[in-house]
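As a plain string of letters, each chain reads:
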Amino acid sequence: QVRLVESGGELVQPGGSLRLSCAASESIVRFVTMGWYRQTPGNERELVAKITTDGGIATVVSSVKGRFTISRDIVKGAIYLDMKNLKPEDSADYFCSALPYSTLVRQWGQGTSVTVSP
């Protein structure tokens, strides 16, 4: 089973920036896509951004478009989420996900917490 380890979450002021990282335990080319989801208490986990591992085609949801950028590094076996102009409503637990070609069962990391507050 693939292991995904997120890092980079912390407390940041509104308008600030953060980079989240997700390192995979195996080559990311074994995944159809990788992505970032976020979840707040009492709410469902929602997609923030995803990227294909081969062509690097990225998709971000409208609420973060222009502020968040997803990228991948095949050599390092990682994906990143660069977040700028952060807003309090961006506060959430952020989870890395990967969809393996072999099983097509989405795998999840343990999450990293982002808090945007003065």
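The coordinates are above.
If you're wondering where the values come from, they're calculated on a predicted model, not measured in any experiment. (Residues numbered from 1 in each chain as written. Predicted model: local features only at pLDDT ≥ 70, side-chain atom pairs only at ≥ 80, totals over all residues. Heavy atoms only, no water.)

Grouped together as the largest cluster of nonpolar side chains are 28 residues, with contacts concentrated most on Met34, Trp36, Leu81, Met83 and Tyr94. For this core, the elements supplying multiple residues, two or more each, are strand 3 (18-24), strand 4 (31-39), strand 5 (46-52), strand 7 (68-73), strand 8 (78-83), strand 9 (92-100) and strand 11 (112-116). (Core = buried A, V, L, I, M, F, W, Y, C linked by side-chain atoms within 4.5 Å. Buried < 20%, exposed > 50% of the residue type's maximum accessible area, 1.4 Å probe, protein only. Helix = DSSP H or I, 4+ residues; strand = E, 2+ residues; numbered from the N terminus.)

Here Gly77 lies in the loop between strand 7 and strand 8. Measuring from C-alpha to C-alpha, the distance between Gly77 and Ile28 comes to 5.5 Å, with 49 residues separating the pair along the chain. If sequence neighbours within four positions are ignored, Gly77 has contacts with Cys22, Ala23, Ala24 and Ile28. (Contact = heavy atoms within 4.5 Å.)

The geometry of two aromatic rings is summed up by the distance between their centres and the angle between their planes. By the definition in use, this model includes 1 aromatic pair. Arranged with centres 4.8 Å apart and planes meeting at 75°, the rings of Tyr37 and Trp108 form a pair that is edge-to-face. With a gap of 71 residues between them, Tyr37 in strand 4 and Trp108 in strand 10 (residues 107-108) connect regions that are remote in the sequence. Arg19 extends its terminal NZ or CZ atom over the ring of Tyr80, reaching a point 4.3 Å from the ring centre. (Phe/Tyr/Trp six-rings, centres within 6.5 Å; stacked < 30°, edge-to-face > 60°. Lys NZ or Arg CZ within 6 Å of the ring centre and 35° of its normal.)

Under the defined criterion, the tally for this structure stands at 1 disulfide. Two residues share a disulfide in this structure: Cys22 and Cys96, whose sulfurs sit 2.0 Å from each other. Disulfide Cys22-Cys96: torsion about the S-S bond near -75°, hence left-handed. Highlighted residues: Cys22 in strand 3 and Cys96 in strand 9, separated in sequence by 74 residues. Take Cys22: its relative accessible area is 0%, and that puts it in the buried class. (Disulfide = S-S within 2.5 Å.)

Turning our attention to the pattern of salt bridges. Any two side chains of opposite charge can pair, given that their charged atoms come close. Summed over the entire model, instances satisfying the criterion amount to 5 salt bridges. Two residues, Arg19 and Asp82, come together in a salt bridge whose shortest N-O distance is 2.9 Å. Of this pair, Arg19 sits in strand 3 while Asp82 sits in strand 8, placing them 63 residues apart in sequence. Classification of Arg19 as partly exposed rests on a relative accessible area of 41%. The salt bridge involving Arg38 is made with Asp90; its shortest N-O contact spans 3.0 Å. Of this pair, Arg38 sits in strand 4 while Asp90 sits in the loop between strand 8 and strand 9, placing them 52 residues apart in sequence. The exposure class of Asp90 is buried, given its relative accessible area of 1%. (Salt bridge = Lys/Arg side-chain N within 4 Å of Asp/Glu carboxyl O.)

Turning our attention to the sheet that holds strand 7. Taking strand neighbours across the sheet as the criterion, the 4 strands line up as 1-3-8-7 in an open arrangement whose pairing is antiparallel. Two strands in the sheet have a free side with no partner beyond their single neighbour: strand 1 (4-7) and strand 7. If you compare each strand with its neighbour and ignore which way they point, the axes differ by 15° on average. Note that strand 3 and strand 8 share 6 bridges and pair antiparallel. Following the sheet pairing, Leu20 is matched in strand 8 by Leu81. (Pairing = 2+ DSSP bridges. Axes fitted to C-alpha atoms, helices over the stretch in contact; angles between N-to-C directions.)

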